[in-house]
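Results of the structural survey
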Amino acid sequence: MEFSVEVPPNEQAIQLVDAIMKSYVLTYHLPNPRELCFVLHELVINAVEAMEKAFKQEQMIQVQVMQECERLQMVVIDGAEGIPKERWSEALTYNIDEMADSDRGRGLFFVQHMVDQIWFQHVTPDRFLVGVTKNLST
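Computed from a predicted model, the values in this text were never measured in an experiment.

We now examine the packing of aromatic side chains. Under the definition given, this model contains four aromatic pairs. For the ring pair Phe109 and Phe110, a centre distance of 5.6 Å and an interplane angle of 65 degrees mean the geometry is edge-to-face. The class for Phe109 is partly exposed, based on a relative accessible area of 24%. Aromatic side chains Phe120 and Phe128 sit 5.9 Å apart centroid to centroid with 15 degrees between the ring planes, which places their arrangement in the stacked category. Like Phe128, Phe120 is buried. Ring-pair connections join several aromatic residues into one group, and the members of that group are Phe3, Tyr24 and Tyr28.

Below you can see the structure in the form of structure tokens.
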């Protein structure tokens, strides 16, 4: 079971992906549906924000969700430059003292604790992939 969608980097796209994912987890009776929806929501928000900062609103965000047996994989590819490789581990940490006044910057920190694996990949210099896998049997 899988779905793939391309959406523009805007608020309506976030809402559309949220609705599709909610329907997907409920239709296929996946465990921890709120958690799975949260994970994809955060990945899509990050992609939208990255593309807004890069002034790339004309490009599309690719969202792929694939389930094989008891494993779910979610991938989001955006048209921004992404996180520099030397900052990948920093992107997965959250320092409350540094970000206390911000409502952003915590998403990947929470996501990594909700999934079994998270990875980043520079597909091209201006295409960035964030992927996660979650074992559904635990």
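There's plenty left to go through after this.
Turning our attention to the pattern of salt bridges. The final tally for this structure, using the stated rule, is two salt bridges. Here Glu35 ties to Lys134 by a salt bridge, and the two come within 3.5 Å at their closest N and O atoms. Of this pair, Glu35 sits in helix H2 (residues 33-53) while Lys134 sits in strand S5 (residues 127-135), and the two are 99 residues apart along the sequence. Taking relative accessible area as the criterion, Lys134 reaches 11% and is therefore assigned buried. Asp126 is paired through a salt bridge with Lys56; the nearest N and O atoms lie 3.8 Å apart. Residue Asp126 is located in the loop between strand S4 (117-124) and S5, and its partner Lys56 is located in the loop between H2 and strand S2 (61-68); the two are separated by 70 residues in the primary sequence. Asp126 sits in the partly exposed class, given a relative accessible area of 32%.

Quick notes on the rules
- Residues numbered from 1 in each chain as written.
- Predicted model: local features only at pLDDT ≥ 70, side-chain atom pairs only at ≥ 80, totals over all residues.
- Heavy atoms only, no water.
- Phe/Tyr/Trp six-rings, centres within 6.5 Å; stacked < 30°, edge-to-face > 60°.
- Buried < 20%, exposed > 50% of the residue type's maximum accessible area, 1.4 Å probe, protein only.
- Salt bridge = Lys/Arg side-chain N within 4 Å of Asp/Glu carboxyl O.
- Helix = DSSP H or I, 4+ residues; strand = E, 2+ residues; numbered from the N terminus.

No statement about biological role is implied by the geometric values presented.
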